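# Survey of secondary and tertiary structure
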Amino acid sequence: MYTAPDAPGAAKFLLKWPTTDPNITNRSGASFLAVVRSTITTFSDKHALPDNPEQVQDQFMIQQWREVEEMLVERDA
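In this numbering scheme, every chain counts its residues from 1 along its sequence in written order. Whole-chain, interface and lining totals are the exception, using all residues; otherwise, since this is a predicted model, local features are given only for residues with pLDDT of at least 70 and side-chain atom pairs are given and counted only at 80 or more. Note that the side-chain values use all heavy atoms of the structure and ignore hydrogens as well as water.

Now for the environment of Ala-48. A run of H or I in DSSP becomes a helix once it reaches four residues, and a run of E becomes a strand once it reaches two; helices and strands are each numbered from the N terminus. Within the element layout of this structure, Ala-48 appears in the loop between α2 (32-47) and α3 (55-74). Only protein chains enter the calculation, and the probe is 1.4 Å; a residue is then buried if its accessible area is under 20% of its type maximum, exposed if over 50%, and partly exposed in between. Looking at Ala-48, the relative accessible area reads 57%, which means it is exposed. Distance in space between the C-alpha atoms of Ala-48 and Asp-58 is 9.5 Å, their sequence separation being ten residues.

As structure tokens, then:
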């Protein structure tokens with residue numbers, strides 16, 4: 001499963017389907033949960049910059065990706 005950094009809603013939608021495998025890995029072998037956590041770290045690092053004009057948007061993306069992370073953990077990914 002792959003979704004662009006700006007599409008956590010798509011990830012949430014797919015995770016609600018009972019047939020979606022939350023343990024899927026990408027071509028390099030990273031789990032979807034690992035990719036989500038990496039995305040959260042990237043947005044968190046960017047959000048922490050004092051001259052970041054997109055801090056509000058980044059905070060929203062962090063919140064959205066944390067919700068995806070919770071869904072994955074609940075499904076034992």
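For helix α1 (residues 8-15), the full list of buried residues reads Pro-8, Ala-11, Lys-12 and Leu-15. Down the axis of α1, the buried set is contained in an arc of 100°. They therefore lie on one face. Each C-beta atom gives one direction from the helix axis, and the arc is the one those directions make.

Bringing the side chain of Lys-12 into the picture now. The residue Lys-12 is located in helix α1 in this model. A relative accessible area of 15% places Lys-12 in the buried class. In this structure, Lys-12 is in contact with Gln-64, Glu-67, Val-68 and Met-71, ignoring residues within four places of it in sequence. Contacts were defined at the residue level, with two residues in contact if any of their heavy atoms lie within 4.5 Å.

Here we come to α2. A helix is expected to span 1.5 Å multiplied by its residue count minus one. Its 16 residues place the ends of α2 22 Å apart at the C-alpha level, agreeing with the 22 Å of an ideal helix rising 1.5 Å per residue. Within the span of α2, buried status applies to Phe-32, Leu-33, Val-36, Thr-39, Ile-40 and Phe-43. Viewed end-on, α2 has its buried residues packed into an arc of 120°, placing them on one side of the element. The elements touched by buried residues of α2 are α1 and α3.

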